[in-house]
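Fold and geometry: a report
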Amino acid sequence: MLDPDFDCPNGCDANGFLFDETTRSAYACTCREERLRRQVHADMEDNVGRYAPSRFQNLDFSELPLSGIAERHTAAASVVRRFGDRIDDNIRKGQGLWLLGNKGTGKTTLAYYVAQQARAGGFSVLTRNTTDLLNEIRDSYKVDAQPTTREIINAVTHVDLLHLEDVAVPRPNDWVLEQLYTIVNRRYEYNKAIVFTSDFPFGEHVNPAKLGEHIGERTYSRLMQMVGDPIPMTGADYRMQVGA
Ligand SMILES: Nc1ncnc2c1ncn2[C@@H]1O[C@H](COP(=O)(O)OP(=O)(O)OP(=O)(O)O)[C@@H](O)[C@H]1O
Ligand SMILES: [Mg+2]
Ligand SMILES: [Zn+2]
């Protein structure tokens, strides 16, 4: 059965079918395809689990922290806001975002805002810290592990929006690079949107190509095509200033 709370204007049944009295046969309602899609994604989120810490819930540009970030990083915030306003279009086109900058500038908060808008728009979203995701994949190799490797790979491949935190993983080895490549390449092939953040040491000139050196050129070049130019967020660490 599909979502029982779904209120279809055509009054179809629990499985998204209508009945034609003249031909005495059932036929699929126009809502069925969308409802099936949502069901698949709800199951997927149940299997793999989402991740939305309370610090990054209910984000609103008229309140802190987003209002503060928009004050300091006006250009970055307005790109993200516009992206969120057109979330439907962006996700359907497979268009993503890359937030690149120094520690504590608000990258993660802005990325969560995009994730939040996507969910509000009815899209499925998975958020993961990149290192955590790779550890989950490694753990899933164990016998009887839950979720299974296949479930994780399916989820990260097919979820409407994949939100990855800190893609420039520390000390990447060959296995890590290969997993990252697989994930990015799958999404690239399916034309699926990805939003990610990456860090740059404070004081160094922010150079996007460094990510390519770090995670491999094959992965980097696909990411670049999926997200376009990174949104720079440089400057001081907000956490240090408030002693947070
Ligand atoms: N300009 C700001 N005004 C108010 N709060 C802010 C501002 N910038 C950042 N913050 C807060 O500082 C903390 C760090 O922000 P966030 O996690 O988004 O930064 P980040 O760039 O992802 O950092 P990191 O590189 O360390 O992951 C968060 O709690 C966020 O709410
Ligand atoms: Mg962050
Ligand atoms: Zn219907």
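Placed above this text is the structure.
Now for a quick tour of the structure. The residue numbers shown here count from 1 along each chain, following its written sequence. In the order they appear in the text, chains get letters beginning with A and ligands get numbers beginning with 1. It should be noted that, the model being predicted, local features are given only for residues of pLDDT at least 70 and side-chain atom pairs only at 80 or more, the latter also being counted only at that level, while totals for whole chains, interfaces and linings use all residues.

**Some thoughts on the overall build of the protein chain**
In DSSP terms, a helix is any run of H or I states spanning at least four residues, a strand is any run of E spanning at least two, and both are numbered starting from the N terminus. Helix and strand content of the protein chain: 11 helices and seven strands. Taken along the three principal axes of its C-alpha coordinates, the protein chain extends 75 × 45 × 30 Å. Put simply, a residue is buried when 20 or more other C-beta atoms lie within 10 Å of its own C-beta and exposed when 12 or fewer do; between those, it is partly exposed, and each C-beta is set from the backbone. For the protein chain, the proportion of its 244 residues judged to be buried stands at 32%.

**Quick notes on the site of ligand 1**
A residue counts as near a molecule or strand when its C-beta atom, positioned from the backbone, falls within 6 Å of it. Of all residues adjacent to ligand 1, which total 17 residues, the nearest are Pro65, Gly68, Thr108, Thr109 and Tyr238. Amino acids outside the nonpolar list (Ala, Val, Leu, Ile, Met, Phe, Trp, Tyr, Cys, Pro) and the charged list (Asp, Glu, Lys, Arg) are all regarded as polar, and Gly is one of them. Of the residues assigned to the shell around ligand 1, the class counts are four nonpolar, seven polar and six charged.

**A few points about the packing of helix H8 (residues 174-190) against helix H10 (residues 217-227)**
Two numbers describe how H8 lies on H10: the axes approach to 9 Å, and their chain directions differ by 35°. At the point where H8 passes H10, the crossing takes the left-handed sense. Of H10, the residues touching H8 (which contributes Leu180, Tyr181, Val184, Asn185 and Tyr188) are Arg218, Thr219, Arg222, Leu223 and Met226. In this analysis, axes come from line fits to C-alpha atoms, helices being fitted only over the stretch in contact, and the angle between any two N-to-C directions falls in the range 0 to 180 degrees. Put simply, a crossing is left-handed when the front helix is turned counterclockwise from the back one by less than a right angle, and right-handed when it is turned clockwise. Residues are scored as being in contact if the C-beta atoms we place from backbone atoms lie within 7 Å.

**Side note on the packing of helix H3 (residues 74-85) against helix H5 (residues 107-120)**
If you want to describe how two helices pack, look at the angle between their axes and the distance between the axes. One can describe the packing of H3 onto H5 by two numbers: an axis separation of 9 Å at closest approach and a directional angle of 10°. The angle between the axes of H3 and H5 places the two elements in the roughly parallel class. Seen from H3, the contacting residues are Ala76, Ala77, Val80, Phe83 and Gly84; seen from H5, they are Leu110, Tyr113, Val114 and Gln117. Residues that form the contact of H3 with H5 fall into these classes: seven nonpolar, two polar and no charged. When describing relative orientation, an angle under 35 degrees is termed roughly parallel and one over 145 degrees roughly antiparallel, while 65 to 115 degrees is termed roughly perpendicular and anything else oblique.

**Here's the deal with unusual backbone geometry**
Among all residues save glycine, negative phi is the norm, and among peptide bonds the norm is trans. In this model, Leu64 is joined to Pro65 through a cis peptide bond whose omega is 0°. Omega for the peptide link from Gln146 to Pro147 comes to -10°, which places this bond in the cis form. As for its placement among the helices and strands, Pro147 is situated in the loop between helix H6 (130-139) and helix H7 (149-158). Backbone geometry places Asp166, a non-glycine residue, at a positive phi of 50°. Residue placement: Asp166 occurs in the loop between strand S5 (161-165) and H8. A count of 17 C-beta atoms within 10 Å places Asp166 in the partly exposed class.

**Some words on the nonpolar core**
Throughout this description, the term nonpolar core refers to a group of buried Ala, Val, Leu, Ile, Met, Phe, Trp, Tyr and Cys residues whose C-beta atoms join them within 7 Å. Residues Leu110, Val114, Leu161 and Val195 are the most contacted members of the largest nonpolar core, which totals 47 residues. Here this core takes seven residues from H5, the largest share from any one element.

**Focus: the sheet that holds S5**
Two strands are said to pair when DSSP picks up at least two bridges between them. The five strands lie next to each other as S4-S5-S6-S3-S7, forming an open sheet whose pairing is parallel. The open sheet terminates on both sides in strands that have one partner only, identified here as strand S4 (125-129) and strand S7 (231-233). Mean inter-strand twist for the sheet, computed between neighbouring axes without regard to direction, equals 15°. Here strand S3 (residues 97-101) runs beside S7; their pairing, made up of three bridges, is parallel. The partner of Leu99 across the bridge, within S7, is Ile231. Lying over the sheet, H6 contacts S4 and S5, oriented at roughly 95° with respect to S4.

**Considerations on H7**
Where H7 is concerned, the buried positions are Ile152, Ala155 and Val156. Buried residues of H7, viewed axially, fall in a sector of 90°; they line one side. This arc is taken over the directions from the axis of the helix to the C-beta atoms.

**As for the environment of Tyr220**
You can see Tyr220 is positioned in helix H10. By the C-beta count within 10 Å, which is 21 here, Tyr220 ends up buried. Ignoring anything within four residues of it in the chain, the contact list for Tyr220 reads Leu211, Gly212 and Ile215.

**A look at the pairing of strand S1 (residues 17-20)**
Examined bridge by bridge, S1 and strand S2 (residues 25-28) share four bridges and lie antiparallel to one another. Bridge pairing links Phe17 to Ala28 in S2. Hairpin connection of S1 to S2: four residues between the antiparallel strands, including Arg24 at a positive phi of 55°.

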